[in-house]
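Commentary on secondary and tertiary structure
Given next are the chains, with one letter for each unit.
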Amino acid sequence: MRLDLVRVDVGHADGRASAPVAGPGVARVGPVEVTVEPAADGSRVVWAAANRGDAPVDVRSVRLVFRLEGAGGPVRMFRNGYQSWSPSGVAILGVDVDPSLAGPVPRLVRSTHHADEEPARPGELRSEQVTVLADDGRERLLVGFEGGRLHDGTLRLHSGEGGIELAAEAFLGGARLAAGEQRALHPVATSAGPDHSLLLEAWAARYGEVEGARVDAHYQVGWCSWYHYFGYVTEGDLRDNLARAADWPFEVFQLDDGYQPTIGDWLGTNDKFGSDLDQLAGAIVAAGRRPGIWLAPFLARPDATVATSTPEWIARYRDGTKPLVGMWHPVWGGETLTLDTSNPEVQAYLEVVASDLVQAGFTYLKLDFTYAPAADGVYSDPAMTPAERVRAGFEAIRRGAGDDAFLLGCGAPLGAVVGVVDGMRIGADVAPWWHPEEGALGRGGYSAGEPATVNAWQNTLARSFMHRRLWLNDPDCLMLRLTDTRMGPDAVRAWAAAVGVSGGMALVSDDLALLDAEARALLDDVVELGRASDTAAIAGPPARCGDLLDAPVPGRLSASGAELVADPSVPTSELRRR
């Protein structure tokens, strides 16, 4: 298979138009001029977009469109999801559909899982930042963007009357280009070879180099309150588990959602906690652990102080009439609003919040639901792309937290934050069940991004190549308990083996009072496996998913000294040690 560049497309407020291009040169599409400089061997395209008109223009996207030649048999596409929870895996062109077309879903769901919240074209498959294409032959073809801080990158595969086309889209989200302004776009790279793992690892290494990936933090082992107590956690729960953890190998002890007065007020505690944050962090430090805390920094409930005192800091829907909803959560009270991270005052506020949390003693910050300011809306700086808005918020938090803090991204657009975070959730939430619940199935094609341990499994294998190239992978928490759960022993052990072989972060999220010696032994085994895999990833290859392009939910993962072979539909698993 090979790709031949045939045209550029530009989408803006007046619609979408295209102009032919077959090599180095300039293509003019309305007021937008696109400069294209392909490498002589076709392995890389450097490009830029400029507004040559005499008035500002809002550009939604710019695309390089390639014709795919020489495909033999059905074309399979590795689809990398947009953010932490977004499903990732293989799809077949002409058979599978984009999840935006798999049934009616709210705009909020689409904006959560795609750079472009508009539905895909019928018959189109899309992947974010990188893809690998395969046919019946031996060669695989990778296409990926080299960077993500300036804009999101979407790969769109479509078959039409003219054959199969792949569009590499720089998604600017309606960013305003002033008259005469030129913007560099992230280069698009291609490579080919018989081994998809080698292609993806090399791409991730290059991406990490370009964006200054933070990959030097040591292997993380810890405890988190979420998956047993959820939002109902109390100070007593935290302190009881801290006391029971004396002989457990935890470095991090992280308080999750449920401590705050409301979403958006992060520096206080509610009536379930008699202590303030300084006192809670002090207790964790006194027990020899690193204090960690959860926040959703770009969201605020309407009753949060930040929303009531500075309503101008809230982004608005595109028509400007209402505040922009970034999440609807029944436990939080329903609609939760989106902060305008393009506003310098909001950035300064985020910097102070992060600084105050670190000063209180919390040097491990889990930053959740951070996709929110990427959604379409009205923001104070119309020149910023969605990726730039997300990154601006993260960079403000990094400035406030300092270089020594560990920042864990979650619900985060992956491409935009490489070089800012130390760790990244790379899959859906686990849960005390294996398959998605009945209600999640109503999300249609997005049910694979809903809380369920099999969904976390899928992305842990599919995104294993990112570990120690872009950040430390966070597969999500182990589920060790066999009471207060619908996970049976086989599922518990299968998930534990996947976390261990992946080399990613290993956090427990059970009430430690429910765990016996067998559970402790299982954790010790996970940590032993994980340290070996992680050490190998530092010096050489990360864990590899052998059947990434062959199974909708892969079941094979290998790393230093171990191979996991599983049937995730059941689940059953076998861990082979070499």
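Structure: see above.
Described in the following lines is the structure provided in the data block. (Residues numbered from 1 in each chain as written. Predicted model: local features only at pLDDT ≥ 70, side-chain atom pairs only at ≥ 80, totals over all residues. Heavy atoms only, no water.)

**Focus: the overall build of the chain**
Check the secondary structure of the chain and you find eleven helices and 28 strands. With the C-alpha coordinates aligned to their principal axes, the bounding extent of the chain is approximately 65 × 60 × 40 Å. Looking at the 578 residues of the chain, the share that counts as buried comes to 62%. Within the chain, contacts between residues at least 6 apart in sequence are counted, and of these 71% link residues at least 24 apart. Split by element, the accessible area of the chain, about 20,100 Å² in all, is 52% carbon and sulfur. A gap of 3 Å separates the mean positions of the 52 positive and 78 negative side-chain charges of the chain. (Helix = DSSP H or I, 4+ residues; strand = E, 2+ residues; numbered from the N terminus. Buried < 20%, exposed > 50% of the residue type's maximum accessible area, 1.4 Å probe, protein only. Contact = heavy atoms within 4.5 Å. Areas by Shrake-Rupley, 256 points an atom, 1.4 Å probe, with all protein chains shown as cover. Lys, Arg positive; Asp, Glu negative; His and termini not counted. Charge placed at Lys NZ, Arg CZ, Asp CG, Glu CD.)

**With respect to the layout of surface pockets**
If a probe the size of a water molecule is rolled over the atoms, the empty space left behind becomes visible. Each pocket or cavity is described by its volume, and for the largest pocket that value is around 1,100 Å³. Taken together, 36 residues form the lining of the largest pocket, with Met327, His329, Asp429, Glu450 and Pro451 sitting closest to its centre. Of all elements in the fold, only helix H1 (107-113), helix H3 (226-229) and strand S19 (325-329) reach the threshold of two or more residues within the lining of the largest pocket. When residues in the lining of the largest pocket are grouped by element, the largest group, four residues, is from H1. Looking at the lining of the largest pocket residue by residue, the class counts come to 21 nonpolar, six polar and nine charged. When its volume is computed, the second largest pocket comes out at roughly 650 Å³. Lining the second largest pocket are 37 residues, and of these Arg79, Pro87, Gly445, Ala448 and Gln458 sit closest to its centre. Secondary-structure elements contributing two or more residues to the lining of the second largest pocket are strand S7 (76-79), strand S8 (89-92), strand S9 (125-128) and helix H9 (453-462). Ranked by the residues each element gives to the lining of the second largest pocket, the list is headed by S8, at four residues. Here the lining of the second largest pocket is built from residues that sort into 16 nonpolar, 14 polar and seven charged. (1 Å grid on protein atoms, 1.4 Å probe; cavity = no way out; pocket = protein on both sides within 12 Å on 5 of 7 lines; lining within 4 Å. Points joined across faces, edges and corners; volume = space filled by probe spheres on them. Nonpolar A, V, L, I, M, F, W, Y, C, P; charged D, E, K, R; others polar.)

**Some details on the sheet that holds strand S16 (residues 252-255)**
The strand order across the open sheet formed by eight strands is S24-S23-S22-S21-S17-S16-S15-S25, and the pairing between neighbours is parallel. One side of each edge strand has no neighbouring strand; the edge strands of this open sheet are strand S24 (472-474) and strand S25 (506-508). Across the sheet, the mean angle from the axis of one strand to that of its neighbour is 25°, orientation sign disregarded. As defined by bridge partners, strand S22 (residues 406-409) adjoins strand S23 (residues 423-425) across two bridges and the pair is classed as parallel. Counterpart to Leu408 in the pairing with S23 is Gly423. (Pairing = 2+ DSSP bridges. Axes fitted to C-alpha atoms, helices over the stretch in contact; angles between N-to-C directions.)

**Things to note about the pattern of salt bridges**
Here the structure, examined in full by the defined rule, presents 44 salt bridges. Residue Arg481 is joined to Asp510 by a salt bridge in which the shortest nitrogen-to-oxygen separation is 2.7 Å. Here Arg481, found in the loop between S24 and helix H10 (489-502), pairs with Asp510, found in the loop between S25 and helix H11 (517-539); they are 29 residues apart in sequence, far enough to count as distant. Accessibility assignment for this pair places Arg481 and Asp510 in one class, buried. Via salt bridges that share partners, Arg60, Arg63, Arg107, Asp116, Glu117, Glu118, Arg121, Glu124, Arg156, Glu169, Arg318 and Asp376 belong to a single interconnected network. (Salt bridge = Lys/Arg side-chain N within 4 Å of Asp/Glu carboxyl O.)

**Remarks on the sheet that holds strand S18 (residues 299-300)**
The antiparallel open sheet is built from three strands, whose spatial order is S18-S20-S19. Where the open sheet ends on each side, the last strands, each with one partner, are S18 and S19. By the bridge criterion, four bridges tie S19 to strand S20 (residues 334-338) in an arrangement that is antiparallel. Residue pairing across strands places Met327 opposite Thr336, the latter belonging to S20.

**Description of helix H5 (residues 277-286)**
Within the span of H5, buried status applies to Leu277, Leu280, Ala281, Ala283 and Ile284. With its buried residues spanning 155° around the axis, H5 presents them on a single face. Residues of H5 that are buried sit in contact with helix H4 (235-244), S16, strand S17 (290-295) and helix H7 (344-360). A positive backbone phi angle near 85° is found at Gly288, which sits one or two residues after H5. (Arc of directions from axis to C-beta.)

**Focus on the nonpolar core**
Grouped together as the largest cluster of nonpolar side chains are 146 residues, with contacts concentrated most on Phe250 and Leu365. Counting residues per element, this core draws most heavily on H10, which supplies nine residues. Leu365 has contacts with Ile293, Leu295, Ala354, Leu357, Ile397, Ala401, Phe406, Leu407 and Leu408, leaving out every residue within four places of it along the chain. Counting residues in hydrophobic clusters, the runner-up holds 40 residues, among them Val29, Leu141, Leu157 and Ile164. (Core = buried A, V, L, I, M, F, W, Y, C linked by side-chain atoms within 4.5 Å.)

**Considerations on the packing of H7 against helix H8 (residues 386-401)**
Across the interface, H7 lies against H8 with an axial gap of 7 Å and an inter-helix angle of 40°. The angle between the axes of H7 and H8 places the two elements in the oblique class. Seen along the crossing, H7 lies across H8 with a hand that is right-handed. Here Gln347, Leu350, Glu351, Ala354, Ser355 and Val358 of H7 come into contact with H8, specifically with Ala392, Gly393, Ala396, Ile397, Arg399, Gly400 and Ala401. Classifying every residue of the contact of H7 with H8 gives seven nonpolar, four polar and two charged. (Parallel < 35°, antiparallel > 145°, perpendicular 65-115°, else oblique. Left-handed = near helix turned anticlockwise from the far one by under 90°.)

**Some details on the side chain of His158**
Within the fold, His158 resides in strand S12 (residues 152-160). A polar contact is formed between the side chain of His158 and the backbone oxygen of Pro122, at a distance of 3.3 Å. (Polar contact = N/O pair within 3.5 Å; in protein donor to acceptor, adjacent residues only side chain to side chain.)

**Points about the state of the cysteines**
Tallied over the full model, the rule gives zero disulfides. The thiol of Cys477 is not disulfide-bonded; the next cysteine sulfur, from Cys224, is found 4.4 Å away. (Disulfide = S-S within 2.5 Å.)

**Brief notes about the pairing of strand S27 (residues 562-567)**
Of all six residues in S27, five are buried, a share of seventy percent or more. As defined by bridge partners, strand S26 (residues 556-559) adjoins S27 across four bridges and the pair is classed as antiparallel. Residue Ser558 lies in a different strand from S27, and its bridge partner there is Glu563. Taking the residues that link successive antiparallel strands as the turn, the S26-S27 hairpin has two residues, and the phi of Gly561 there is positive, at about 80°. With six bridges joining them, S27 and strand S28 (residues 572-577) adopt antiparallel strand pairing. In the sheet register, Glu563 faces S28, and the bridge partner there is Arg576. Between S27 and S28, which pair antiparallel one after the other, the connecting turn spans four residues.

**Things to note about the environment of Arg7**
Position of Arg7 relative to the elements: it lies in strand S1 (residues 2-12). On the accessibility criterion, Arg7 (24% relative accessible area) is partly exposed. Along the chain, Arg7 and Leu238 lie 231 residues apart, while their C-alpha atoms are 58 Å from each other. Not counting the four nearest positions on each side in its chain, Arg7 is found in contact with Ser18, Ala19, Pro20, Val21, Arg63, Leu64, Val65 and Glu165. Of note is the side chain of Arg7, whose polar atom sits 2.9 Å from the side chain of Glu165.

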